[in-house]
Amino acid sequence: MKRLDELEINEIFSFYSNFFKDFGIDSIIVRLFEKYSKLLEEFTVKCEMGYKIKYGTMGRGEIKWGRNIVYGWFFEEIIFEILKMNPNIKQISFYGGDMSKNFIYESSSLKIDIPGIKSSKPDLKIELNSGEILCIEIKTAAKDIYSIKNSNVESLYREFAENNVLSLIIMFDLNSNLYSIENMYYFMNLTPFVNKRMEGQLCYVFTKPSTPVKNLINEDFKNLVLLSEKLNTESLKKLKAENIAKSTGNKKTLSLIKAKISVEKKLENFKQLQIQVKSEIEKIKSKNPEIDTPWSEIYKKLDI
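Treat the numbers as computed from the prediction; the structure is a model and nothing was measured.

Calculation notes
Residues numbered from 1 in each chain as written. Predicted model: local features only at pLDDT ≥ 70, side-chain atom pairs only at ≥ 80, totals over all residues. Heavy atoms only, no water. Pairing = 2+ DSSP bridges. Helix = DSSP H or I, 4+ residues; strand = E, 2+ residues; numbered from the N terminus. Contact = heavy atoms within 4.5 Å. Axes fitted to C-alpha atoms, helices over the stretch in contact; angles between N-to-C directions. Core = buried A, V, L, I, M, F, W, Y, C linked by side-chain atoms within 4.5 Å. Buried < 20%, exposed > 50% of the residue type's maximum accessible area, 1.4 Å probe, protein only. Expected span 1.5 Å × (residues − 1). Patch = residues over 30% accessible without salt bridge, like charges linked within 9 Å, V, L, I, M, F, W, Y side chains within 5 Å. Areas by Shrake-Rupley, 256 points an atom, 1.4 Å probe, with all protein chains shown as cover. Salt bridge = Lys/Arg side-chain N within 4 Å of Asp/Glu carboxyl O. Phe/Tyr/Trp six-rings, centres within 6.5 Å; stacked < 30°, edge-to-face > 60°. Lys NZ or Arg CZ within 6 Å of the ring centre and 35° of its normal. Parallel < 35°, antiparallel > 145°, perpendicular 65-115°, else oblique. Left-handed = near helix turned anticlockwise from the far one by under 90°.

Asker: Go over the sheet that holds strand S8 (residues 166-173), please, and point to the residues and values.
Answerer: Within the open sheet, the six strands sit side by side as S2-S5-S6-S8-S9-S12. Their pairing is mixed. If you trace the sheet from one side to the other, it starts and ends with strand S2 (89-94) and strand S12 (211-212), each paired once. The strands that helix H3 (residues 62-84) touches are S2, strand S5 (124-128), strand S6 (133-141) and S8; relative to S2, the one it contacts most, it runs at about 160°.

Asker: So what about the nonpolar core? Which residues, and what values?
Answerer: Judged by nonpolar contacts, the single largest core of 72 residues is most densely connected at Phe20, Phe103, Phe172 and Phe221. Ignoring any residue separated from it by four or fewer positions in sequence, one finds Phe221 in contact with Leu83, Asn86, Ile89, Ile126, Leu128, Leu134, Ile136, Leu168, Ile170 and Ile181.

Asker: I'd like a description of the sheet that holds strand S10 (residues 193-195), backed by residues and values.
Answerer: Judged by pairing direction, the sheet is antiparallel, and its three strands sit side by side in the order S7-S11-S10 without closing on themselves. Strand pairing shows two members of the sheet lacking a second neighbour, strand S7 (147-149) and S10, which therefore form its edges. Taking the axes of each pair of neighbouring strands and ignoring which way they run, one obtains an average angle of 55° across the sheet. Where S10 and strand S11 (residues 201-205) come together, three bridges link them in antiparallel fashion.

Asker: Quick rundown of the environment of Glu41? Include the residues and the values.
Answerer: In this fold, Glu41 is placed in helix H2 (residues 26-48). Its relative accessible area of 55% is what places Glu41 among the exposed residues. For the pair Glu41 and Pro115, spaced 74 residues apart in sequence, the C-alpha to C-alpha distance is 19 Å.

Asker: Could you give an account of the pairing of S5, with specific residues and numbers?
Answerer: Only one face of S5 is covered, namely the face carrying Leu124, Ile126 and Leu128; the face carrying Lys125 and Glu127 is uncovered. As defined by bridge partners, S2 adjoins S5 across five bridges and the pair is classed as antiparallel. Looking at the pairing, Ile92 lines up with Ile126 of S5. By the bridge criterion, four bridges tie S5 to S6 in an arrangement that is antiparallel. Bridge pairing links Ile126 to Leu134 in S6. The antiparallel pairing of S5 with S6 creates a hairpin that spans four residues between the two strands, and Gly131 there sits at a positive phi of about 105°.

Asker: Quick one: what's the story with helix H4 (residues 150-163), residue by residue and with numbers?
Answerer: Its 14 residues give H4 an end-to-end C-alpha distance of 20 Å, which sits within 8% of 20 Å, the value for a rise of 1.5 Å per residue. Buried residues of H4: Asn152, Val153, Ser155, Leu156, Tyr157, Arg158, Glu159, Phe160 and Ala161, and no others. In this structure, the buried residues of H4 make contact with S6, S7, S8, S11 and helix H5 (234-247). Of the residues flanking the end of H4, it is Asn164, one or two places downstream, whose phi is positive at about 60°.

Asker: Tell me about H3, and name the residues and values.
Answerer: With 23 residues, H3 should cover 33 Å at 1.5 Å per step; its first-to-last C-alpha distance of 33 Å lies within 8% of that length. Of all 23 residues in H3, 18 are buried, a share of seventy percent or more.

Asker: Any chance you could break down the side chain of Ser180 for me, citing the residues and the numbers?
Answerer: Here Ser180 shows up in strand S9 (residues 178-183). Note on Ser180: relative accessible area 6%, which makes it buried.

Asker: How would you summarise a nonpolar patch on the surface if you had to cite specific residues and measurements?
Answerer: A cluster of nonpolar side chains, namely Trp295, Tyr299, Leu302 and Ile304, defines an oily patch on the protein surface of about 530 Å² accessible area. Summarising the element assignment, Ile304 is placed in the segment after helix H7 (295-301). Accessibility expressed as a relative area gives 74% for Ile304, which makes it exposed.

Asker: Provide a residue-level description of the packing of aromatic side chains, including the pertinent values.
Answerer: Within a pair of aromatic rings, the relevant descriptors are the distance that separates the centres and the angle that separates the planes. Going through the model one piece at a time under the given rule, you end up with 24 aromatic pairs. Linked through ring pairs, Phe15, Tyr16, Phe19, Phe20, Phe23, Tyr36, Phe74, Phe75, Phe172 and Tyr179 together constitute an aromatic cluster. Taking the ring centre of Tyr105 as reference, the NZ or CZ of Lys46 above it sits at 5.4 Å.

Asker: So what's going on with the packing of helix H1 (residues 9-19) against H3? Residues and values would help.
Answerer: Running from amino to carboxyl end, H1 crosses H3 at an angle of 25°, the nearest separation of the two axes being 11 Å. One finds that H1 runs roughly parallel with respect to H3. At the point where H1 passes H3, the crossing takes the right-handed sense. For the pair H1 and H3, contact is made by Ile9, Ile12, Tyr16 and Phe19 and by Tyr71, Phe74, Phe75 and Ile78, respectively.

Structure representation (structure tokens):
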């Protein structure tokens, strides 16, 4: 399967229609297709006029960057409509930083931005019939690689630290029509790795999807609800401390906390990078048993 951002939106429409064929929501998908076709068309015109993405495209180029954003919004809205039909959910709303699902075009600077895109909040917020409130982060995979950025996981913990709301991540495998769900507790005993596919960012390996996507409409989220005391971790305490310092206006302590968290993140990145480099060196050595041959001996063989 091609990368989604290599597909035209009519191809995405066909793909999503087939992916969600068991839900009887063809008319909804058509409506969303029309909405996002217009949005992407306007975006493309602006790019042709010389507009650039305000904070960069991470090497993708404007059009692929825009497609990636728009197709993600399209998918998220379909999931929203499906969960609205779930009998276990009392209420659902969009919640993430890009909940407006639109672009801002700054004519003076020829820049394209997204309202609230810098927010790290999860995508959706639901209230179960049983009263529990949960946030949901939606992720997709199309290459049989299931990984979650460390920053995404941290945002779930931050949501709990700031608002005492538990979060879940739903991973959809676009190739197999399967999904998997994990709660915040899943990540507590995992070690992140340096992911070259994601610009060297720290990521976690996620559970391979195994549940048919048609089951989503009856998913019982209650069994994924955690007791908050299970999350009383050191990393969570640090986020709570940051939130308290911010809310009380203690600027000096807030600055100190942010600095300490930043340094610890960099040290963790450095530690994981060391582990990866060491592993790569060992692989090279295993394939080259004479790797410790002195350079002087090599020069001698080559008459240098």
